[in-house]
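# Structure assessment
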Amino acid sequence: MKRVKILCISLAIVLTVLFTVPVLAANDTGVEGFVTRLYELTLDRQPDAGGFDHWVGLLKSKQKTGADVASSLIFSQEFTGKNISNKDFLYIMYKAFFDREPDSVGFSNWMGKMQEGYNRRYIVYNFIHSQEFLNVCNKYGIEQVPELACFRFELWPEKAGHHCLRTGTETGDYHSG
């Protein structure tokens, strides 16, 4: 009886490893891995099935880019509702967009920009258009930003030395924050 019990437990462990590890590994690479890591690093959770399928489908069909998905999660109601500090925001940006811890010089530079009045959209715009984010996107086999992205996003100074990011130059939509 004891042998049967040990055999059953051993079989359960083997089956768990066989059927769990491939699922986790599948989410570490490709488009699925990109989406999963962004959810984990920005929203601090696993993606829900609907959101996961939505973003994976849009990335695979090339309707959206890595920049689209990353900025959508960063500016989602769920993320912005956390009301995190600028310091924590930058740590998340480095991990999510550069796949590394911040270096002291770069971190100080971005903190200085935020203290000068540059908003988070400005920071995200610069992270998205960096070589390091391109490297992350290439690692997962996805497009970084759409062609002509520089024409879609323009930085416009606001009064009192603050800056905002204007999206959609034809519509004149402004976002600050």
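Look above for the structure.
The structure reproduced in this document is the subject of the present report. (Residues numbered from 1 in each chain as written. Predicted model: local features only at pLDDT ≥ 70, side-chain atom pairs only at ≥ 80, totals over all residues. Heavy atoms only, no water.)

### Thoughts on the overall build of the chain
The condition that has to hold: In DSSP terms, a helix is any run of H or I states spanning at least four residues, a strand is any run of E spanning at least two, and both are numbered starting from the N terminus. Relative accessible area decides the class of each residue, using a 1.4 Å probe on protein chains only: under 20% of the type maximum gives buried, over 50% gives exposed, and in between gives partly exposed. Every residue pair with non-hydrogen atoms within 4.5 Å of one another is taken to be in contact. Each accessible area value is a Shrake-Rupley result obtained with a 1.4 Å probe; residue values ignore everything except the protein chains displayed when judging cover.
The number of helices and strands found in the chain is ten helices and three strands. When the helices and strands of the chain are listed from N to C terminus, the series reads α-α-α-α-α-α-α-α-α-α-β-β-β. Every one of the 177 residues in the chain was classed for burial, and the buried ones make up 38%. Taking the intrachain contacts of the chain between residues at least 6 apart in sequence as the baseline, contacts between residues at least 24 apart amount to 53%. Accessible surface, the chain: about 10,500 Å² in total, of which carbon and sulfur atoms supply 58%.

### Quick look at helix H2 (residues 30-43)
How we decide: One less than the residue count of a helix, multiplied by 1.5 Å, gives the span that helix is expected to have.
In this model H2 runs 20 Å from its N-terminal to its C-terminal C-alpha over 14 residues, within 8% of the 20 Å that 1.5 Å per residue would give. Counting buried residues in H2 gives ten out of 14 residues, a clear majority hidden from the surface. Three or more residues of H2 are buried, namely Val31, Gly33, Phe34, Val35, Thr36, Arg37, Leu38, Tyr39, Thr42 and Leu43. Just downstream of H2 lies aspartate 44, where phi reads positive at about 60°.

### Overview of the packing of H2 against helix H6 (residues 86-98)
Rules: Lines are fitted to the C-alpha atoms to define the axes, a helix being fitted only along its stretch in contact, and any angle between axes, read from their N-to-C directions, falls within 0 to 180 degrees. In this scheme, roughly parallel covers angles under 35 degrees and roughly antiparallel covers those over 145, while 65 to 115 is roughly perpendicular and the rest are oblique. Amino acids outside the nonpolar list (Ala, Val, Leu, Ile, Met, Phe, Trp, Tyr, Cys, Pro) and the charged list (Asp, Glu, Lys, Arg) are all regarded as polar, and Gly is one of them.
Where H2 meets H6, the closest approach of the two axes is 9 Å, and the angle between their N-to-C directions is 170°. Between H2 and H6, the crossing angle belongs to the class labelled roughly antiparallel. Contacts between H2 and H6 involve Arg37, Leu38, Leu41 and Thr42 on the former and, on the latter, Ile92, Lys95 and Ala96. Partitioned by chemical class, the residues of the contact of H2 with H6 number four nonpolar, one polar and two charged.

### Some thoughts on the packing of aromatic side chains
Pairs of aromatic rings are described using the distance from one ring centre to the other and the angle between the two planes. Operational definition: By convention, a stacked pair of Phe, Tyr or Trp rings (six-membered ring in the case of Trp) has centres within 6.5 Å and planes under 30 degrees apart, an edge-to-face pair has planes over 60 apart, and any other such pair is tilted. The criterion for a charge sitting over a ring is simple: Lys NZ or Arg CZ within 6 Å of the ring centre, and within 35 degrees of the ring normal.
Evaluated as defined, the whole model comprises twelve aromatic pairs. Considering the side-chain rings of tryptophan 110 and phenylalanine 127, the 5.4 Å spacing of their centres and the 50° angle between planes classify their relative orientation as tilted. One end of the pair, tryptophan 110, is in helix H7 (residues 104-115); the other, phenylalanine 127, is in helix H8 (residues 120-128), with 17 residues separating them in the sequence. Comparing tryptophan 110 with phenylalanine 127, the two get one shared label, buried. Positioned over the ring face of tyrosine 118 is lysine 113, at 5.0 Å from the centre of the ring. One cation-aromatic arrangement involves arginine 121 over phenylalanine 75; the distance from NZ or CZ to the ring centre is 4.0 Å.

### Details of the nonpolar core
Threshold: Think of a nonpolar core as a cluster: buried Ala, Val, Leu, Ile, Met, Phe, Trp, Tyr and Cys residues, connected wherever their side-chain atoms sit within 4.5 Å.
If you look at the biggest cluster of nonpolar residues, it comprises 42 residues, and the most contacted ones within it are Phe34, Phe89 and Phe97. Residue assignment for this core shows that the elements contributing at least two residues are H2, helix H3 (49-60), helix H4 (66-74), H6, H7, H8 and helix H9 (131-140). Not counting chain neighbours up to four residues away, the residues in contact with phenylalanine 89 comprise Ile74, Phe79, Ile84, Met114, Arg120, Ile123 and Val124.

### Looking at the environment of isoleucine 128
Here isoleucine 128 lies in helix H8. Note on isoleucine 128: relative accessible area 5%, which makes it buried. When the C-alpha positions of isoleucine 128 and methionine 93 are compared, they lie 9.7 Å apart, and in sequence the two are 35 residues distant. When near neighbours in sequence (up to four residues on either side) are disregarded, isoleucine 128 contacts Ala67, Ser71, Phe97, Phe133, Gln144 and Val145.

### Examining the environment of glutamate 143
When you line up the elements, glutamate 143 lands in the loop between H9 and helix H10 (149-152). What glutamate 143 contacts, discounting residues up to four positions off in sequence, is Lys62, Thr65, Gly66 and Cys137.

### Notes on the packing of H2 against H3
Going by this rule: Crossing chirality is assigned from the near helix's rotation relative to the far helix, an anticlockwise turn below a right angle marking it left-handed and a clockwise turn marking it right-handed.
Axis separation between H2 and H3 bottoms out at 9 Å; the angle between their running directions is 135°. Of the possible angle classes, the one that applies to H2 and H3 is oblique. Both H2 and H3 take part in a crossing whose hand is right-handed. Where H2 abuts H3, its residues Val31, Glu32, Phe34, Val35, Thr36 and Tyr39 lie against Gly51, Phe52, Trp55, Val56, Leu59 and Lys60.

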